[in-house]
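Given next are the chains, with one letter for each unit.
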Amino acid sequence: MRTTHRRHAAITGSAIRHAGLLCTEAVPDARRLSCVEDTIRIEVPEAEFRIRLTRPTPATTRLCFQAVFREDEPAGGTWWSSWEVDVTAPATSPEVGHALAAEVTHSRHTFATALADAQHGAEAA
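Analysis parameters
- Residues numbered from 1 in each chain as written.
- Predicted model: local features only at pLDDT ≥ 70, side-chain atom pairs only at ≥ 80, totals over all residues.
- Heavy atoms only, no water.
- Helix = DSSP H or I, 4+ residues; strand = E, 2+ residues; numbered from the N terminus.
- Buried < 20%, exposed > 50% of the residue type's maximum accessible area, 1.4 Å probe, protein only.
- Contact = heavy atoms within 4.5 Å.
- Areas by Shrake-Rupley, 256 points an atom, 1.4 Å probe, with all protein chains shown as cover.
- Phe/Tyr/Trp six-rings, centres within 6.5 Å; stacked < 30°, edge-to-face > 60°.
- Pairing = 2+ DSSP bridges.
- Salt bridge = Lys/Arg side-chain N within 4 Å of Asp/Glu carboxyl O.

Q: Before we go on, may I ask you to explain the overall build of the protein chain in this structure?
A: On a plain count of helices and strands, the protein chain comes out with two helices and six strands. For the protein chain, the N- to C-terminal ordering of α and β elements is β-α-β-β-β-β-β-α. Taking all 125 residues of the protein chain together, 34% fall into the buried category. In the protein chain, the share of contacts with a sequence separation of at least 24, taken over all contacts with a separation of at least 6, comes to 42%. Roughly 7,800 Å² of accessible area belongs to the protein chain as shown, and the carbon and sulfur atoms make up 53% of that amount.

Below you can see the structure in the form of structure tokens.
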């Protein structure tokens, strides 16, 4: 029997400009994507992201990331991370969308690599 996952999306506000790019390029495997006002929430198999878009200056958009990464069982570890990225562009610009996509993709890759390295190290010991 084949199991399918239905994605849920709620989209309003300025974050709406980035929903399509996130769904198609950065997180095509998203289980849930919500873009409400200036907050983006993304749930993927191994993590959950909350990203707030703020304007520290009229010419800058700050991306404030909070992420929770979860390791598969049996280890089942959980890691929390937060970081900020400044983009010299308005919140609705394509530059902000590309920065969002790049950061989500990079952080997922970094987490997967760290887990693989840890597992390889444990096997070698």
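Q: Could you clarify how one ought to interpret the packing of aromatic side chains in this entry?
A: Where two aromatic rings form a pair, the distance of their centres and the angle of their planes describe that pair. The final tally for this structure, using the stated rule, is four aromatic pairs. Measuring from centroid to centroid gives 4.8 Å for F65 and W83, while their planes differ by 0 degrees, and the two rings are stacked. Here W83 lies in strand β6 (residues 78-87) and F65 lies in strand β5 (residues 60-70), a separation of 18 residues in the sequence. Pairwise contacts between aromatic rings join F49, F69, W79 and F111 into one cluster.

Q: Where do I start with the pairing of strand β3 (residues 39-44) in this structure?
A: Relative to β3, strand β2 (residues 32-36) is paired through five bridges, and the arrangement is antiparallel. Pairing of V36 across the sheet is with T39, part of β3. Counting the residues in the hairpin turn of β2 and β3 gives two residues, including E37, whose phi is positive at 55 degrees. Two strands pair when backbone bridges link them, and β3 and strand β4 (residues 47-57) are joined in this way by six bridges, in the antiparallel orientation. For R41, the partnering residue across the bridge sits in β4 and is R50. Two successive antiparallel strands, β3 and β4, enclose a turn made up of two residues.

Q: How do you make sense of the pattern of salt bridges when you look at a structure like this?
A: Inspection of every chain in the model, using the stated rule, returns five salt bridges. Its salt-bridge partner being E46, residue R108 comes within 2.6 Å of it at the nearest N-O pair. On the criterion of sequence distance, the pair formed by R108 in helix α2 (residues 94-124) and E46 in the loop between β3 and β4 is long-range, its members being 62 residues apart. Each member of the pair, R108 as well as E46, carries the same accessibility label: buried. For the salt bridge of R70 with E48, the shortest nitrogen-to-oxygen distance reads 3.1 Å. Taken together, the residues span a long stretch of sequence, with R70 in strand β5 and E48 in strand β4 at a distance of 22 residues. Judged by its relative accessible area of 36%, R70 falls in the partly exposed class. Residues participating in the shared-partner salt-bridge network are D29, E46 and R108.

Distances and angles like these do not, on their own, reveal function.
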